[in-house]
Amino acid sequence: MKKTHIIGLILIAVAIGIILITTGDASTYVGFDEAERISQNDPNQKVHVVGTLKKDAQGKIVGMHFDPAVDANRLEFIVQDSLGRENQVIYAAPKPQDFERSEKIVLVGSMKPDKIFYCDKILLKCPSKYQEGKISADSSATYEAKKQL
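Residues numbered from 1 in each chain as written. Predicted model: local features only at pLDDT ≥ 70, side-chain atom pairs only at ≥ 80, totals over all residues. Heavy atoms only, no water.

Caption draft 1: Spotlight on the overall build of the protein. Along its length, the protein carries four helices and six strands. Its helices and strands taken in sequence order, the protein reads α-β-α-β-β-β-β-β-α-α from the N to the C terminus. In the protein, buried positions account for 26% of the 149 residues. Within the protein, contacts between residues separated by at least 24 positions form 51% of all contacts whose residues are at least 6 apart in sequence. Of the accessible surface of the protein, which amounts to about 10,400 Å², a share of 57% is contributed by carbon and sulfur atoms. (Helix = DSSP H or I, 4+ residues; strand = E, 2+ residues; numbered from the N terminus. Buried < 20%, exposed > 50% of the residue type's maximum accessible area, 1.4 Å probe, protein only. Contact = heavy atoms within 4.5 Å. Areas by Shrake-Rupley, 256 points an atom, 1.4 Å probe, with all protein chains shown as cover.)

Here's what the structure looks like:
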């Protein structure tokens, strides 16, 4: 075999190894029930859970506990996943900005045997942030153009 063929085979083997390693670390989107099942098989497996914060009729978050004077790196709250199950979540970091205004959240973490979801990362979806500057079809410029006709 030529040296170029050997080098090509080595590069292909390295590429396949890298692909296998990165797909092994990829987490999946699941509900709390599936996160619990996954944690029984592999306690360190990270998963993504999509859900909404549990809020009362006035829009206040139910079950949220954050006291920066005691521990600024501990946030506890309740999330309802897309399948309807509610679960307590503990986030070991400061509360994200606009946390209360978020519509949906994605939690990255794992379920522990105490049936509490320990979150490493929170991704927020805040639609109100994007609706304020929304241009409607009947803007004032369109209205002025209609008046001139």
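Caption draft 2: Highlighting the environment of Lys54. Note on placement: Lys54 falls in the loop between strand S2 (47-53) and strand S3 (75-81). Taking the C-alpha atoms as reference points, Lys54 and Gln80, 26 residues apart in sequence, are found 6.3 Å from one another. At 3.1 Å, the side chain of Lys54 forms a polar contact with the side chain of Glu86. (Polar contact = N/O pair within 3.5 Å; in protein donor to acceptor, adjacent residues only side chain to side chain.)

Caption draft 3: Main features of the pairing of strand S4 (residues 86-91). Bridge analysis of S3 against S4 gives six bridges, and the strand direction is antiparallel. Note that in S4 the partner of Ile78 across the bridge is Gln88. Where S3 hands over to S4, the hairpin turn is made up of four residues, of which Gly84 adopts a positive phi near 100°. Of the pairings in the sheet, the one linking S4 to strand S6 (residues 117-125) comprises three bridges and is parallel in character. Within the sheet, the bridge partner assigned to Val89 lies in S6 and is Phe117. (Pairing = 2+ DSSP bridges.)

Caption draft 4: Just the nonpolar core, in detail. Among the nonpolar cores identified, the biggest contains 21 residues, and Phe32, Phe77, Val79, Val89, Leu107 and Phe117 are the most heavily contacted of them. Among the secondary structure elements, those contributing two or more residues to this core are helix H2 (32-41), S2, S3, S4, strand S5 (104-111) and S6. Excluding residues within four positions of it along the chain, Val79 makes contact with Phe32, Gly51, Thr52, Leu53, Arg85, Glu86, Asn87, Val89, Ile105 and Leu107. (Core = buried A, V, L, I, M, F, W, Y, C linked by side-chain atoms within 4.5 Å.)

Caption draft 5: Up close: the packing of aromatic side chains. Applying the stated criterion across every chain, the model contains two aromatic pairs. Summarising the aromatic geometry, the rings of Phe77 and Phe99 are spaced 5.0 Å apart at their centres and angled 65° between planes, so their arrangement reads as edge-to-face. Taken together, the residues Phe77 in strand S3 and Phe99 in the loop between S4 and S5 connect sequence positions 22 residues apart. A single burial state applies to Phe77 and to Phe99, both of which are buried. (Phe/Tyr/Trp six-rings, centres within 6.5 Å; stacked < 30°, edge-to-face > 60°.)

Caption draft 6: Broad picture of unusual backbone geometry. A positive phi angle is found at Asp98, which is not glycine, with a value near 60°. Mapped onto the secondary structure, Asp98 falls in the loop between S4 and S5. Not every positive phi belongs to a glycine, and Lys115 is a case in point at roughly 65°. Lys115 sits in the partly exposed class, given a relative accessible area of 44%.

Caption draft 7: Region of interest: a nonpolar patch on the surface. On the surface, Met1, Ile6, Leu9, Ile10, Ile12, Val14, Ile16, Ile18 and Leu20 cluster together into a nonpolar patch covering about 920 Å² of accessible area. Structurally, Ile16 can be placed in helix H1 (residues 3-25). Ile16 gets classed as partly exposed once you look at its relative accessible area, which sits at 46%. (Patch = residues over 30% accessible without salt bridge, like charges linked within 9 Å, V, L, I, M, F, W, Y side chains within 5 Å. Salt bridge = Lys/Arg side-chain N within 4 Å of Asp/Glu carboxyl O.)

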